[in-house]
Amino acid sequence: MAAFVFCGGSLYAQDRVLESNLPVDFSRVAINDAFWTPKLDTVASVSLDACINQCEKHTARIDNFEVAAGLKQGVFKGIFYDDSDVYKMIEGVAYSLVNNPNAELEARVDRIIDVIAAAQQPDGYLMTYYIINGLDKRWTDMTMHEMYCAGHLIEAAIAYRNATGKDKLLKTAVRFADHIDATFGEGKRVWVPGHQEIELALVKLYRVTGQKRYLTLAHWLLEQRGHDHVKWPIQSKGYFMDEYPVRDLKYISGHAVRDMYMFTGMADVAAATGSDEYLGAMNRLWDDVVGTRMYLTGGIGSSRFNEGFTEQYDLPNEDAYCETCASIGMVLWNQRLNMFKGDARYADIMERCIYNGVLSGISLSGDRFFYVNPLESKGGHHRRPWYGTACCPSNLSRFLPSVGSYIYAVSDNALWVNMFVSSSTEVDMACGKVRIEQTTHYPWSGDVNIRITPQRKGDFALKIRIPGWCRNYSYSVDGCNLSTEVKDGYLVIEKTWKKDETVAVSFDMPVEVVQADPRVKADVGKRAVMRGPIVYCLEQVDNPQIDDAVLGPDTEFSTCFEESLLGGVQTIEARRGERVFKFIPYHVWDNREAGKMKVWVDYVK
Ligand code: FUB
Ligand code: ZN
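Calculation criteria
Residues numbered from 1 in each chain as written. Chains lettered and ligands numbered in written order. Predicted model: local features only at pLDDT ≥ 70, side-chain atom pairs only at ≥ 80, totals over all residues. Heavy atoms only, no water. Near = heavy atom within 4 Å. Polar contact = N/O pair within 3.5 Å; in protein donor to acceptor, adjacent residues only side chain to side chain. Areas by Shrake-Rupley, 256 points an atom, 1.4 Å probe, with all protein chains shown as cover. Nonpolar A, V, L, I, M, F, W, Y, C, P; charged D, E, K, R; others polar. Helix = DSSP H or I, 4+ residues; strand = E, 2+ residues; numbered from the N terminus. Axes fitted to C-alpha atoms, helices over the stretch in contact; angles between N-to-C directions. Parallel < 35°, antiparallel > 145°, perpendicular 65-115°, else oblique. Left-handed = near helix turned anticlockwise from the far one by under 90°. Contact = heavy atoms within 4.5 Å. Donors = N, O, S within 2.8 Å, 3.2 Å for Na, K, Ca; no water. Tetrahedral: all angles 85-135°; square planar, octahedral: opposite > 155°, others 65-115°. Expected span 1.5 Å × (residues − 1). Buried < 20%, exposed > 50% of the residue type's maximum accessible area, 1.4 Å probe, protein only. Phe/Tyr/Trp six-rings, centres within 6.5 Å; stacked < 30°, edge-to-face > 60°. Lys NZ or Arg CZ within 6 Å of the ring centre and 35° of its normal. Pairing = 2+ DSSP bridges.

By nearness alone, every residue bordering ligand 1 is listed as Tyr81, His145, Tyr148, His195, His255, Val257, Glu307, Glu323, Tyr371, Thr389 and Cys391. Glu307 places a side-chain nitrogen or oxygen 2.4 Å from an oxygen atom of ligand 1. Side-chain polar atom of Glu323 to an oxygen atom of ligand 1: 2.7 Å apart, as the coordinates give it. Taking 270 Å² as the accessible area of ligand 1 by itself, protein coverage stands at 96%. Here the residues of the shell around ligand 1 are counted per class, giving five nonpolar, four polar and two charged.

Turning our eyes to something else, we now look at the side chain of Asp33. Mapping Asp33 onto the fold places it in the loop between strand 2 (29-31) and helix 1 (36-58). From its side chain, Asp33 meets the backbone nitrogen of Phe35 in a polar contact 2.9 Å long. Among the polar contacts listed, one links the side chain of Asp33 to the backbone nitrogen of Trp36, at a separation of 2.8 Å.

The subject of this paragraph is the packing of helix 7 (residues 168-183) against helix 9 (residues 212-223). Here helix 7 crosses helix 9 at 55°, and the two axes come no closer than 11 Å. Between helix 7 and helix 9, the angle is such that the two are oblique. For the pair helix 7 and helix 9, the sense of crossing is left-handed. Residue-level contacts link Val174, Ala177, Asp178, Ile180 and Asp181 of helix 7 to Arg213, Tyr214 and Leu217 of helix 9. A per-class count over the contact of helix 7 with helix 9 returns five nonpolar, no polar and three charged.

Our next topic: the coordination of the zinc ion (ligand 2). Around the zinc ion (ligand 2), the protein contributes the donor atoms Glu323 (OE), Cys325 (SG), Cys391 (SG) and Cys392 (SG), at 2.0 to 2.4 Å from the metal centre. Considering all four donor atoms around the zinc ion (ligand 2), the spread of angles at the metal, 92 to 118°, places the coordination shape in the tetrahedral class. Sequence positions of the donors to the zinc ion (ligand 2) reduce to the motif E-x1-C-x65-C-C. Of this pair, Glu323 sits in the loop between helix 11 (279-292) and helix 12 (324-341) while Cys392 sits in helix 14 (residues 391-399), placing them 69 residues apart in sequence.

Our focus in this paragraph is helix 3 (residues 83-99). Helical periodicity: at 3.6 residues per turn, an α-helix aligns residues three or four positions apart in one direction. Here helix 3 spans 26 Å end to end across 17 residues, near enough to the 24 Å set by a 1.5 Å rise per residue. In terms of burial, helix 3 is largely enclosed, as 15 of its 17 residues are buried.

The subject of this paragraph is the packing of aromatic side chains. This structure, assessed with the given rule, holds 32 aromatic pairs. Ring plane angle 75° and centroid distance 5.2 Å describe the contact between Phe26 and Tyr95, whose orientation is recorded as edge-to-face. Residue Phe26 is found in the loop between strand 1 (22-23) and strand 2, and its partner Tyr95 is found in helix 3; the two are separated by 69 residues along the sequence. Accessibility expressed as a relative area gives 5% for Phe26, which makes it buried. Given a relative accessible area of 13%, Tyr95 falls into the buried group. Their ring planes at 55° and their centres at 5.2 Å tell us that Phe184 and Trp191 sit as a pair that is tilted. Through pairs of rings, three or more aromatic residues link up here, namely Phe35, Trp36, Tyr355, Phe420, Tyr442, Trp444, Trp469, Tyr473, Phe507 and Phe561. The aromatic ring of Phe35 is capped on one face by Lys39, whose charged end is 4.6 Å from the ring centroid. For Arg527, the ring lying beneath its charged end belongs to Tyr603, and the centroid distance is 3.9 Å.

With that settled, the discussion passes to the sheet that holds strand 13 (residues 501-507). Spatial ordering of the open sheet is given by 2-6-7-8-13-10, a layout of six strands whose pairing is antiparallel. The open sheet has two free edges, formed respectively by strand 2 and strand 10 (473-477), since each of these has just one partner strand. Across the sheet, the axes of successive neighbouring strands diverge by a mean angle of 15°, strand direction being ignored. Summarising the sheet, strand 2 and strand 6 (residues 423-429) pair through three bridges and their orientation is antiparallel. In the strand pairing of strand 6, Ile31 is matched with Ser423.

The sheet built from six strands is open, its strands ordered 1-4-5-9-12-11 with mixed pairing. Bordering the open sheet on either side are strand 1 and strand 11 (485-487), each of which pairs with just one other strand. Relative to strand 12 (residues 490-497), strand 11 runs antiparallel, the two sharing three bridges. Its bridge partner being in strand 12, Lys487 is matched across the sheet by Tyr490. Those strands touched by helix 13 (residues 344-358) are strand 9 (458-465) and strand 12, and its axis lies near 50° from that of strand 9.

Trans is the prevailing form of peptide bonds, just as negative phi is the prevailing case for residues other than glycine. Of the consecutive residues Tyr442 and Pro443, the connecting peptide bond is found in the cis state with omega at 5°. Assignment of secondary structure puts Pro443 in the loop between strand 7 (432-440) and strand 8 (447-454). A positive phi angle, close to 50°, is found at Glu307, a residue other than glycine. Looking at where Glu307 falls in the secondary structure, it is placed in the loop between helix 11 and helix 12. Unusually for a residue other than glycine, Asp590 sits at a positive phi of about 60°. Structurally, Asp590 is set in the loop between strand 20 (579-585) and strand 21 (597-598).

Here we come to the side chain of His152. Checked against the element boundaries, His152 lands in helix 6 (residues 146-164). Taking relative accessible area as the criterion, His152 reaches 0% and is therefore assigned buried. What His152 contacts, discounting residues up to four positions off in sequence, is Ser84, Tyr87, Lys88, Glu197, Tyr261 and Arg398.

Inspection of the sheet shows strand 16 (residues 534-539) paired to strand 20 by three bridges, in the antiparallel sense. Looking at strand 20, one finds that Leu538 is bridged to Phe583. Pairing between strand 19 (residues 569-576) and strand 20: five bridges, direction antiparallel. Residue Ala574 lies in a different strand from strand 20, and its bridge partner there is Phe581. Between strand 19 and strand 20, which pair antiparallel one after the other, the connecting turn spans two residues, and Gly577 there sits at a positive phi close to 60°.

What follows covers the packing of helix 8 (residues 198-209) against helix 10 (residues 256-273). At their nearest, the axes of helix 8 and helix 10 sit 7 Å apart, and the two run at 30° to each other. Our classification of the angle between helix 8 and helix 10 gives roughly parallel. For the pair helix 8 and helix 10, the crossing hand works out as left-handed. Residues Glu199, Leu200, Val203, Tyr206 and Arg207 of helix 8 form the contact with helix 10, whose participating residues are Tyr261, Thr264, Gly265, Asp268, Val269, Ala271 and Ala272. A breakdown of the residues in the contact of helix 8 with helix 10 according to their chemical character gives seven nonpolar, two polar and three charged.

In structure tokens:
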């Protein structure tokens, strides 16, 4: 059994602080929000159950562990990386249990964990595909996701230990990590993970165990890239981001999800080592991705052929790939960048992805999922209960229950509000404990009330993100106009706070007509409609004449909150002469009868 010390649950507890702020973990944030609470309840009551059933009953994912453990006879069934879905599902259950204790669900997952642990080999190795098909073949092919599965095991194990206090899975994960650490690294074997993910997971494991070698291994793995170590059997070096050392990267290429996980791992390694060695590359990559390759919805990776990037400005709508996992990866990476720089533009991207390209991945019923998120459809694209490659459903099942981690952040003398969600938390500031409570109807309204209650009077700054989409806003502090500054996209209210002070902010949220960069060929002569952070679309069920839809400078827009439509959404009516078209939020499309859909609509001047 490996020796390790648990240093506590905090992800960011023990590092030299390079970051300008640290997120407040969702486990300390209570959400009571008209938009989010029903979604989180659905994930807890429907989506997780659907994912477990898929792993346990409808596919062989748990069977594979049973066969690998020798608990039953059989062959490996499914795809070689299927173990990862079981781990992501467990991570999702763990996050959900924090706010929705459920003894039955926990017992069900405990039983799955027993089987996973039983499948582990005496030397710590754990991937059912190779255990069943022949351990002699393990660690021979870098495209085979062994470290990817290990990474998801580590993340699930930490989450489950934090949620339940039970460490059986964490001990299993540590044994696998130790096996990897004993096999690969300086003076040992070389490895370049074909699917990045383990890097960010090892940094988490370092933070939880206090064992620096996990951080060293994560750093070493990143540093192996770009040195011609591998003759990749398929695709190209660009697909695997193995063309240049990571610190020298200028442009993104290849597989979108792998890239996002790698960039997140680079940011984590940089934060944990206190080095800025990767920040230059990350700045360049961010400009490239956000400036030239991101869809309006925050979707990235336009091509289905490599599940990733092609050339700049190549953003087809009907053929858009935009894997749900890639948008989740964008949120992870941009949160790290926001932590480093304290700049709201990264939180703007988080918001764009969450409300559009991520949320579109799940049906309102919670049991249907999009893998691919196009911006136009002829009517044949629909969510499904599961996929052969089921990374997206299982990723949603772990992302959504932890969405509370993107709302607040803290630094020595500032409390940051990044997302607008009716919620509350209590944070430790230099002046003592401070409670913050938000009330809002965001994203349908731009009015946000924030109540601050310090345990005792104290000086600090409240930094409220002014969303990038917002052109005008007003605010008052306890009814008065205080003079404040705006820094890096945040409204900074610096003062001596006393009990029960209220900040009222109002972001104007008109309907905005959006034009794409003219280099995006697919959107030439078209416009899209947004309101606040929400991207809208036309669906045929509301617009039988969808093919004739045209916007113009004379289009008049009106909005209406429709309580009984699609769980309650703000719709937009676009009127041009006698013609009226109805827009709905993009993330709720394909929840009614099948039909055409489009985000970008013809425009005549
Ligand atoms: O390869 C594992 C997962 O399957 C990737 O993250 C997804 O893009 C899909 O290829
Ligand atoms: Zn996916």
